Amino acid sequence: MTLKQAKTNWQDVVLVCRKCQKKLDGEGFGPDGDRPLKKALRKALKAGKGRKAEVLVLEADCFDICPKNAVVAVRAGRRGAPMLIVPRGADLAEVRAALDLETDRDQPALRVVSGG
């Protein structure tokens with residue numbers, strides 16, 4: 001059997017608990033507090049959707065932590081990455097920093113220039 005590949009632009013993947021978001025009725029985050037964490041985080045990271053996104057924000061099944069008035073999120077792909085309990089109304093810049101998503105994506109790419 002031949003395996004096929006599909007290209008992505010993903011540099012990071014963030015998993016957000018679907019069950020926690022559902023308990024908050026899909027609200028509690030963003031400037032107006034009217035978005036689920038997944039959508040608010042995607043917008044704050046300027047992540048986009050699908051394979052073209054640089055950061056994929058994806059809902060996952062329950063992480064078995066079940067905090068009250070909060071959502072569990074984790075940066076996937078990092079060994080030993082801590083699960084973050086994000087309370088309703090949390091500052092998304094803090095969430096981004098806590099997930100260690102302060103990356104070079106915000107900076108212009110460096111170019112190698114040959115000297116003379």
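For the structure, see preceding data.
Quick caveat: nothing in here was measured; it's all calculated off a predicted structure.

Trainee: Would you mind showing me how to read the nonpolar core here?
Mentor: Counting 25 residues, the largest nonpolar core has Leu-37 and Leu-41 as its most contacted members. Secondary-structure elements contributing two or more residues to this core are strand E1 (12-17), helix H2 (37-44), strand E2 (55-60), strand E3 (70-76) and helix H3 (92-98). A total of 4 residues in this core trace back to one element, the largest contributor, which is E3. The residues contacting Leu-41, other than those within four sequence positions of it, are Val-14, Val-57, Leu-92, Val-95 and Leu-99.

Trainee: I'm lost on the sheet that holds E2 in this one. Help?
Mentor: On the basis of which strands lie adjacent, the open sheet formed by 4 strands has the order E2-E1-E3-E4 and mixed pairing. For this open sheet the edge positions go to E2 and strand E4 (84-87), each flanked by a neighbour on one side alone. The sheet shows a mean angle of 30° between the axes of neighbouring strands, taken without regard to direction. Sheet topology note: the E1/E3 ladder contains 4 bridges and is antiparallel. Bridging from a neighbouring strand, Leu-15 pairs with Val-74 of E3. Helix-sheet contacts for H2 involve E1, E2, E3 and E4, and the interaxial angle to E2 is about 175°.

Trainee: How do you make sense of a negative patch on the surface when you look at a structure like this?
Mentor: A cluster of acidic residues, Asp-25, Glu-27, Asp-32 and Asp-34, forms a negative patch on the protein surface. Mapped onto the elements of the fold, Asp-32 is located in the loop between helix H1 (18-23) and H2. Among the residues examined, Asp-32 registers a relative accessible area of 67% and is labelled exposed.

Trainee: I'm lost on the pattern of salt bridges in this one. Help?
Mentor: Two side chains of opposite charge can pair, provided their charged atoms sit close to one another. What the rule picks out here adds up to 5 salt bridges. In this structure, the salt-bridge partner of Asp-12 is Arg-75, at a minimum N-O distance of 2.5 Å. Of this pair, Asp-12 sits in strand E1 while Arg-75 sits in strand E3, placing them 63 residues apart in sequence. What makes Asp-12 buried here is its relative accessible area of 10%. One continuous salt-bridge network, built from bridges that share partners, spans Asp-12, Arg-75, Arg-78 and Asp-100.

Trainee: Please explain the side chain of Arg-75 as it appears in this structure.
Mentor: In this structure Arg-75 comes out as buried when scored by relative accessible area, which is 7%. Side-chain polar atoms of Arg-75 contact the backbone oxygen of Leu-99, separated by 3.5 Å. Here Asp-100 takes part through its backbone oxygen, which lies 2.4 Å from a polar atom of the side chain of Arg-75. The contact partners of Arg-75, leaving out residues within four places of it in the chain, are Asp-12, Val-13, Val-14, Ala-81, Leu-99, Asp-100 and Leu-101.

Trainee: What's the story with H2 in this structure? I'm lost.
Mentor: Three- or four-residue spacings in an α-helix give side chains the same orientation, since the helix completes a turn every 3.6 residues. Within the sequence span of H2, burial applies to Leu-37, Ala-40, Leu-41 and Arg-42. Considering only its buried residues, H2 is in contact with E1, H1, E2, E3, E4 and H3. Looking at the residues trailing H2, positive phi occurs at Lys-46, about 50°.

What counts and what doesn't
Residues numbered from 1 in each chain as written. Predicted model: local features only at pLDDT ≥ 70, side-chain atom pairs only at ≥ 80, totals over all residues. Heavy atoms only, no water. Core = buried A, V, L, I, M, F, W, Y, C linked by side-chain atoms within 4.5 Å. Buried < 20%, exposed > 50% of the residue type's maximum accessible area, 1.4 Å probe, protein only. Helix = DSSP H or I, 4+ residues; strand = E, 2+ residues; numbered from the N terminus. Contact = heavy atoms within 4.5 Å. Pairing = 2+ DSSP bridges. Axes fitted to C-alpha atoms, helices over the stretch in contact; angles between N-to-C directions. Patch = residues over 30% accessible without salt bridge, like charges linked within 9 Å, V, L, I, M, F, W, Y side chains within 5 Å. Areas by Shrake-Rupley, 256 points an atom, 1.4 Å probe, with all protein chains shown as cover. Salt bridge = Lys/Arg side-chain N within 4 Å of Asp/Glu carboxyl O. Lys, Arg positive; Asp, Glu negative; His and termini not counted. Charge placed at Lys NZ, Arg CZ, Asp CG, Glu CD. Polar contact = N/O pair within 3.5 Å; in protein donor to acceptor, adjacent residues only side chain to side chain.

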